[in-house]
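Breakdown of the fold
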Amino acid sequence: MSRYFTKTLAALEPYVPGEQLKIDNLVKLNANENPYPPAPGVAAAVAAAVPGLRLYSDLSNRALNEAIAAHWGVQPENILCGNGSDENLLLALRAFCDENTPLAFADVTYSFYPVLCDLLHIPQHVIPLEDDLTIDLKKYCGLHETIVIANPNAPTSLLAPVAAIEEVLRTNPDNIVVVDETYVEFAPAGSSCLPLLEKYENLVITHTFSKTHNLAGARLGYCIARPGLITDMNRVKFSYSPYNVNSMTQAAGTAAIRDEAYFHEVTAKLLATRTAATEGLRQRGFTVFDSAANFLFATTDRMPCKEIFEKLRAQGILIRHFNAPRISNYLRITIGTDTEMQRFFAALDEILGT
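Here we summarise the structure given alongside this text. The structure presented is a predicted model; accordingly, all values stated were derived computationally and were not measured.

1. Considerations on the overall build of the protein
Each helix and strand counted, the protein has ten helices and 13 strands in total. Against the 2.2 N^0.38 benchmark of 20 Å for 354 residues, the protein shows a C-alpha radius of gyration of 20 Å, consistent with a compact globule. Projected onto the principal axes, the alpha-carbon positions of the protein cover approximately 60 × 50 × 50 Å. Out of the 354 residues in the protein, the part that is buried amounts to 55%. Sequence-distant contacts in the protein: of pairs separated by 6 or more residues, those separated by 24 or more amount to 74%.

2. A few points about the packing of helix 3 (residues 85-96) against helix 4 (residues 112-120)
At their nearest, the axes of helix 3 and helix 4 sit 11 Å apart, and the two run at 50 degrees to each other. Judged by the angle between their axes, helix 3 and helix 4 are oblique. Considering only the axes of helix 3 and helix 4, their crossing is right-handed. Along the contact surface, helix 3 presents Asp86, Leu89, Leu90, Leu93 and Arg94, while helix 4 presents Phe112, Tyr113, Leu116 and Leu120. In terms of residue class, the contact of helix 3 with helix 4 is made up of seven nonpolar, no polar and two charged.

3. What to know about unusual backbone geometry
A cis amide bond links Asn151 to the next residue, Pro152, at an omega of 0 degrees. When you line up the elements, Pro152 lands in the loop between strand 5 (146-150) and helix 5 (162-171). In this chain, Ala154 is followed by Pro155 through a cis amide linkage whose omega measures 15 degrees. The topology assignment puts Pro155 in the loop between strand 5 and helix 5.

4. Brief notes about the sheet that holds strand 9 (residues 287-288)
Ordered in space as 9-10-13-12, the four strands form an open sheet in which the pairing is antiparallel. The two strands at the open ends of the sheet, each matched to only one other strand, are strand 9 and strand 12 (320-321). Examined bridge by bridge, strand 9 and strand 10 (residues 295-299) share two bridges and lie antiparallel to one another. Note that in strand 10 the partner of Thr287 across the bridge is Thr299.

5. Quick look at the nonpolar core
Residues Ile68, Tyr222 and Ile224 are the most contacted members of the largest nonpolar core, which totals 54 residues. Top contributing element to this core by residue count: helix 2 (residues 62-72), with five residues. Once residues within four sequence positions are removed from consideration, Tyr222 is found in contact with Ile68, Trp72, Ile79, Leu80, Cys81, Asn88, Ile205, Thr206, His207, Thr208, Phe209 and Ile257. Listed in part, the 31 residues of the second largest apolar core include Leu29, Val288, Ala293 and Cys305.

6. Details of the pattern of salt bridges
Per the counting criterion, the structure on display carries ten salt bridges. With its nearest N and O atoms 2.5 Å apart, the salt bridge here joins Arg170 to Glu167. Placement of both Arg170 and Glu167 in helix 5 is noted, with a separation of three residues, approximately one turn of the helix. Residue Arg170 is classed as partly exposed on the basis of its relative accessible area of 46%. Here Lys311 and Glu307 are joined by a salt bridge, their closest N and O atoms 3.0 Å apart.

7. Quick word on the packing of aromatic side chains
Under the defined criterion, the tally for this structure stands at ten aromatic pairs. Connected via pairs of aromatic rings, a cluster forms that spans Phe105, Tyr110, Phe112 and Tyr113. Over the aromatic face of Phe238 sits the side chain of Lys237, whose NZ or CZ is 4.5 Å from the ring centroid. When the ring centre of Phe295 is taken as reference, the NZ or CZ atom of Arg332 above it lies at 5.7 Å.

Rules behind the numbers
- Residues numbered from 1 in each chain as written.
- Predicted model: local features only at pLDDT ≥ 70, side-chain atom pairs only at ≥ 80, totals over all residues.
- Heavy atoms only, no water.
- Helix = DSSP H or I, 4+ residues; strand = E, 2+ residues; numbered from the N terminus.
- Rg over C-alpha atoms; globule rule 2.2 N^0.38 Å.
- Buried < 20%, exposed > 50% of the residue type's maximum accessible area, 1.4 Å probe, protein only.
- Contact = heavy atoms within 4.5 Å.
- Axes fitted to C-alpha atoms, helices over the stretch in contact; angles between N-to-C directions.
- Parallel < 35°, antiparallel > 145°, perpendicular 65-115°, else oblique.
- Left-handed = near helix turned anticlockwise from the far one by under 90°.
- Nonpolar A, V, L, I, M, F, W, Y, C, P; charged D, E, K, R; others polar.
- Pairing = 2+ DSSP bridges.
- Core = buried A, V, L, I, M, F, W, Y, C linked by side-chain atoms within 4.5 Å.
- Salt bridge = Lys/Arg side-chain N within 4 Å of Asp/Glu carboxyl O.
- Phe/Tyr/Trp six-rings, centres within 6.5 Å; stacked < 30°, edge-to-face > 60°.
- Lys NZ or Arg CZ within 6 Å of the ring centre and 35° of its normal.

Put into structure tokens, the structure is as follows:
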């Protein structure tokens, strides 16, 4: 870093995203992107937005908010869009945390949470997962702190019951509970905390278009909350980035979420591939968590997982290995197309000598 970089951020460790190699015939299973293209109407919607690029984008995201609200059965005033769900998390933490209100989260979860805390100077209360990497939500009850729970969790892929999260909401009435539902649409029906919104005013739910709506490159996320909380987060948004979602992204998101048939078709295909990939790994001696997401979290004693990761990478197949405490001998494998998973398994068999 230069000598001009502020000393208050000297120790900041940025978030490390999945590797973005640009090589021919790459099988990219390392960033939990959807392997299928966006809905058929997205390209035309984006093209139609191009003439209007001389103007600033719609500050209110009116059409997009209406489409998201219709998808979830809520009102547009329950929606706040951001430049990826990461920005929605930033808006929530800036609005509901400060030096006297820590953020509580698990030790093995989405690694952007501690980065945001460091950036925003928010104290962290890190609560270890259990030995089997499940979350004991009783440890979050009555904390009197802002809480974020990724459900399903990443990178473990595990799902906590809605009833347990409701108890966290009930016992922390004076603090916000953020439920990060990035992957919930890959979980069984009834896994979302959305029904709790009418009962609890302290609930914020975050979502993204990157996974189920195939728009990772568009950078679009949103949160669902009571209108008062949306107003709070909008106050933060308008203080630093009023036009945070550009016109083409708004058009893409609106077209994507309106195409319910395509959404269900692609999700069903991915879930079928997930089932087959889980069985394929288990047949090869891997321990694989029962995933509620669009990726698998797995380990094996046949070869160190870091070595498997490196050998796959050498063959142009990217998966994710975390050099982190407790999970250094695990692999996270995004579910790709059937063809991509066949290449993955063929390379894996070669590496393991199966």
